[in-house]
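# Remarks on the overall topology
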Amino acid sequence: MSDPVGKLPSELDQLPDRDTEETAEWAASLDAVAKAAGTRRAEYLLRRTLQHAEAAGLALPKLLETDYVNTIPTSAEPEFPGDEEMEAKITAWNRWNAAAMVTRGSKYGVGGHIATFASAAWLYETGFQHFFRGKEADGSGDQLYIQGHASPGIYARAFLDGRVSEQQLDNFRQESGGNGLPSYPHPRRLPWLWEFPTVSMGLGPLSAIYQARFNRYLQNRNIKDTSRSHVWAFLGDGEMDEPESTAALALASREQLDNLTFVINCNLQRLDGPVRANFRVVQELEAQFRGAGWNVIKTLWGSAWDELFQLDTTGALVRRIREVPDAQFQTYATRDVAYIRQHFFGASAELVQLAGVLSDAKIAECFHSSRGGHEPRKVYAAYKAALEHKGAPTVILAQTVKGHTLGAGFESKNANHQMKKLTVDEFKDMRDLLGLPIPDSAFVDGKVPYGHPGADSPEVRYLHERRAALGGPAPARKVHHVALPAPADRSFAPLIKGSGKQEMATTMAFVRLVKDLMRDKETGKRWVPIVPDEARTFGMESLFPSAGIYSPLGQTYEPVDRDQLMYYKEAKDGQILNEGITEAGAMADFIAACTSYATHGEPMIPFYIFYSMFGWQRTADQMWQLADQLGKGFIVGATAGRTTLTGEGLQHADGHSHLIASTNPASLNYDPAFAYEIAVIVKDGLRRMYGEQPEDVFYYLTVYNEPKVQPAMPEGVEEGILKGLYRFNTAAGLEAAPAADAPKIQLMASGTAIHWVLEAQRLLAADWNVAADVWSATSWGELRRDALECDEALLRGEERTPYVTRVLEGAPGPVLAVSDWMRQVPDQISQWVPQDYTSLGTDGFGLSDTREGARRHFGVDAQSIVVAALAQLARRGEVPASAVKEARERYGL
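Residues numbered from 1 in each chain as written. Predicted model: local features only at pLDDT ≥ 70, side-chain atom pairs only at ≥ 80, totals over all residues. Heavy atoms only, no water.

Let us now look at the environment of Ala-765. Secondary-structure assignment places Ala-765 in helix H29 (residues 753-768). Sequence separation between Ala-765 and Ala-787 is 22 residues; the distance between their C-alpha atoms is 33 Å. Sequence-distant contacts of Ala-765, defined by excluding residues within four places in its chain, comprise Leu-734, Ala-736, Pro-738 and Val-770. (Helix = DSSP H or I, 4+ residues; strand = E, 2+ residues; numbered from the N terminus. Contact = heavy atoms within 4.5 Å.)

What follows concerns the sheet that holds strand E3 (residues 260-266). Strand pairs in the sheet, formed through backbone hydrogen bonds, run parallel or antiparallel to each other. With parallel pairing, five strands are arranged side by side in an open sheet as E1-E2-E3-E5-E4. This sheet does not close on itself; its edge strands, each paired only once, are strand E1 (143-145) and strand E4 (295-299). If you compare each strand with its neighbour and ignore which way they point, the axes differ by 15° on average. Note that E1 and strand E2 (residues 231-236) share three bridges and pair parallel. By the bridge assignment for E2, Tyr-145 is matched with Ala-233. Helix-sheet contacts for helix H10 (residues 281-291) involve E3, E4 and strand E5 (394-399), and the interaxial angle to E4 is about 160°. (Pairing = 2+ DSSP bridges. Axes fitted to C-alpha atoms, helices over the stretch in contact; angles between N-to-C directions.)

What follows concerns the nonpolar core. Counting residues in hydrophobic clusters, the biggest one holds 83 residues, and the most contacted among them are Phe-634 and Val-682. No other element matches the 10 residues that helix H27 (residues 675-690) contributes to this core. Every residue in contact with Val-682, bar those within four places of it in the chain, is listed here: Phe-492, Phe-510, Leu-513, Leu-517, Phe-634 and Leu-701. Counting residues in each nonpolar core, the second largest holds 64 residues, with Leu-123, Ala-150, Tyr-380 and Tyr-462 among its members. (Core = buried A, V, L, I, M, F, W, Y, C linked by side-chain atoms within 4.5 Å. Buried < 20%, exposed > 50% of the residue type's maximum accessible area, 1.4 Å probe, protein only.)

Below, the discussion takes up helix H12 (residues 316-323). Restricting attention to buried positions, one finds in H12 the residues Ala-316, Leu-317, Val-318, Arg-320 and Ile-321. Where H12 is buried, its residues contact helix H11 (306-311), helix H13 (326-332), helix H14 (337-343) and helix H15 (349-355).

So, on to a negative patch on the surface. A cluster of acidic residues, Asp-17, Asp-19, Glu-21, Glu-22 and Glu-25, forms a negative patch on the protein surface. Note that Asp-17 resides in the segment before helix H1 (20-37). (Patch = residues over 30% accessible without salt bridge, like charges linked within 9 Å, V, L, I, M, F, W, Y side chains within 5 Å. Areas by Shrake-Rupley, 256 points an atom, 1.4 Å probe, with all protein chains shown as cover. Salt bridge = Lys/Arg side-chain N within 4 Å of Asp/Glu carboxyl O. Lys, Arg positive; Asp, Glu negative; His and termini not counted. Charge placed at Lys NZ, Arg CZ, Asp CG, Glu CD.)

This part is about the pairing of strand E14 (residues 698-702). Within E14, five of the five residues are buried, leaving the element largely enclosed by the surrounding structure. Side-chain alternation along E14 places Phe-698, Tyr-700 and Thr-702 on one buried face and Tyr-699 and Leu-701 on a second face that is also buried. After leaving strand E13 (residues 667-670), the chain enters H27 and then returns to the sheet as E14, a path that is right-handed. (Right-handed = clockwise from strand over helix to strand, strands pointing away.)

Once that is clear, we can look at the confidence of the model for the chain. Averaged over all residues, the pLDDT of the chain is 93; the fraction at 70 or higher stands at 97%. Residue range residues 1-5 is modelled with pLDDT below 50. Its contacts to residues more than four positions away, or to other chains, number zero contacts. (pLDDT = per-residue confidence, 0-100.)

What follows deals with the packing of aromatic side chains. One pair of aromatic rings is described through two measures. These are the centre distance and the angle between the planes. Taken as a whole and assessed by the stated rule, the structure comprises 48 aromatic pairs. On the basis of an interplanar angle of 85° and a centroid distance of 5.6 Å, the ring pair of Tyr-68 and Trp-301 is categorised as edge-to-face. Residue Tyr-68 is found in the loop between helix H2 (39-55) and helix H3 (84-106), and its partner Trp-301 is found in the loop between E4 and H11; the two are separated by 233 residues along the sequence. Pair check on accessibility: Tyr-68 and Trp-301 agree, each one buried. Taken together, the aromatic side chains of Tyr-68, Trp-301, Trp-305, Phe-309, Phe-329, Tyr-332, Tyr-339, Phe-344, Phe-345 and Phe-367 make up a single cluster linked through ring pairs. (Phe/Tyr/Trp six-rings, centres within 6.5 Å; stacked < 30°, edge-to-face > 60°.)

Time to look at the pattern of salt bridges. Inspection of every chain in the model, using the stated rule, returns 46 salt bridges. Put simply, Arg-163 and Asp-161 hold a salt bridge, and the shortest N to O gap is 3.2 Å. Through salt bridges with shared partners, a single ionic network connects Arg-48, Glu-65, Asp-67 and Arg-322.

To continue, consider the sheet that holds E13. Taken in spatial order, the six strands of this open sheet run E10-E7-E11-E12-E14-E13, and their pairing is parallel. Whereas interior strands pair on both sides, the edge strands pair on one side only; in this sheet they are strand E10 (577-578) and E13. Here E13 pairs with E14 via four bridges, running parallel. Paired with Leu-668 across the strands is Tyr-699, a residue of E14. Packing of helix H21 (residues 506-517) onto the sheet brings it into contact with strand E7 (527-531), strand E11 (605-611), strand E12 (634-638) and E14, and relative to E11 it is tilted by some 155°.

If you want it as structure tokens, here you go:
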């Protein structure tokens, strides 16, 4: 029998059939069911068979979607261990105070969000009462990624347990007075409460995955027992549209991160309207997560639906709820029963018959409010199943009503994300619904009161008892400072003494330094090298066999280069995190490592090295997340500058990362020119971040791939290196030194530009009798930071001179600053330079060319610097104007 026309062969056509007769019998049975009972019955049997096969562990492709019903039926729910009535009271108080806090703040115009926590309250409360482990238990506790818009509910709970005062609630989003609460989870603003900043959409899910992965990394490297730590990420269904939200799903399943649970609040609404107006976001998310290898638990319908499903003997109800698009279901949640009978149940004769035995009250309860995410027993069952599932991460798709309990004016309305307050009458209706003992007399002058049952009330005692049993308050951030000993000077000595006659790029100098530091007996194991699939580009392959590349499976194969000295070695206790081509993933790794000192009480020293173009430009939002989370570590932009990797062209030519980095207050940005500068900066960075008095900062270093002879460190330059500027040499030391009365100029350079400036210094002396001193500007940003602090001090009546002003005071002639960056980078300090100041840089787009060609194109090569210097001096009348024209002609400019 030939295949039908157009039928494509499948993999089954390529597999031998050991028993064609048996196969034919199975096919005939399916045909018979379809003929006798209909195609829907045949589909049902196939789906149940596949689900049974999956549960039995048979190696079959998984179903990407299951029926639009709860994964855990009511009959299979475990016994609920808590006092449900008491927990309902606690949740009611938290709902009230969250809404009151935002409403009271609205009169100041500070805004806030009410509807998100209203829909998710039981998702949080069930976890706080029964699952989330605190910091006072053994290990590190759980890591909680709270959905940013739900923060009012978390503050309300902290008010109930006594950690936040009424005054602080009234100062929600009003922090300048020093006793306020930040809008969202911000560790830098409220470091005793929040661990993870999450409101920048998509970064929470991505970071949660890498945090769970880093927990395993610490465990497998025998640094910290994290076996009892679980990562919980609370997310919105609309947030899952962000690319970062789903970027690392495969990593989580590939590495079997069963220490991770996503809880997605599927209230079907994003900021402006339905998440999937014409589709079903729950089914879409299920397929996405199941396809990525996750365990999926759907908690969709409340117990009121049980009767409907029991009456659905034909499957018509299940089919109907699966075909109704989300926007229409939101409409059902706001319409009367007559509308629902007509538009939902009127779709088929079976549904009309089913609706005929249902009361109006039952239909209203089901469609208006009964969702799985609003029932603690169903949420508890889902959480328990998630923790018990082994071998894969779990996602819980919990359906809720956005604005639940806030009244008909809020629930399921498209605009409820922008609705910031309730009226007094709406609050009174909410009070009655929740059964709270708040009298009308408490509403003074139309002001909504906060509610609290009392510090010794049964509710508060119950709350404290549950948290004590789980290891203390949550969420909570605690830092037990562990100072790391300073590495021995011998690790820095090779860079301090220079490279002799050997040429070495500063990228390689940094890698060699870290390789030596990783051998340190005290702190070597704490280094965490992170690289996005470019280790060989940066000369890091020498670390492969010694440090190993982290893999939870170890190395299950024989590497193709096993017979080579620097072979590709993966290991379960490997130290290097080689992330593949994902800068976002590498940054998420880096953040987890940078904050391990707080999350786990284990300070780690991560360095993340990457093409400098693909750092701040591509992942600047995560750099802010790093700062907000008070992370510490070294970010290394390799192949830096706009002209040192010119063969790669425009997309690889970075001339602006230092400008972007300068906007981040926690980032200390350095552009070292020489290997010894790197040694001094890294040594001081270790002291500032990991010493006896640690600072909540991180370092951004740019290093270059241009091999140069690295000089030995001159005496007495350490302070200048760290502050950002020092005099490297003077014209007096040149072989062809200019005359004593020669015109003078100060040449200032950072990074690889120092070499062009040194050549320009030589040309100015030899060809034009101009004496130029050369300054190494290791950090334009630190010079500016110091100057700004001096300006601020002046406003307080303190007289302070900026370092850059002080160190340049009396230096003869004008200043010409040069770098491989846009002119805005060195121009950051221009207003504090006492001399006439100008700059050269690589403004515009990059291009493919030789280094020499690119530098001539941008006008930053040695000859262009000479012409610019002469032009500066000519404007001052210190050289004839004709010299500028003569120089241009001589150098072919």
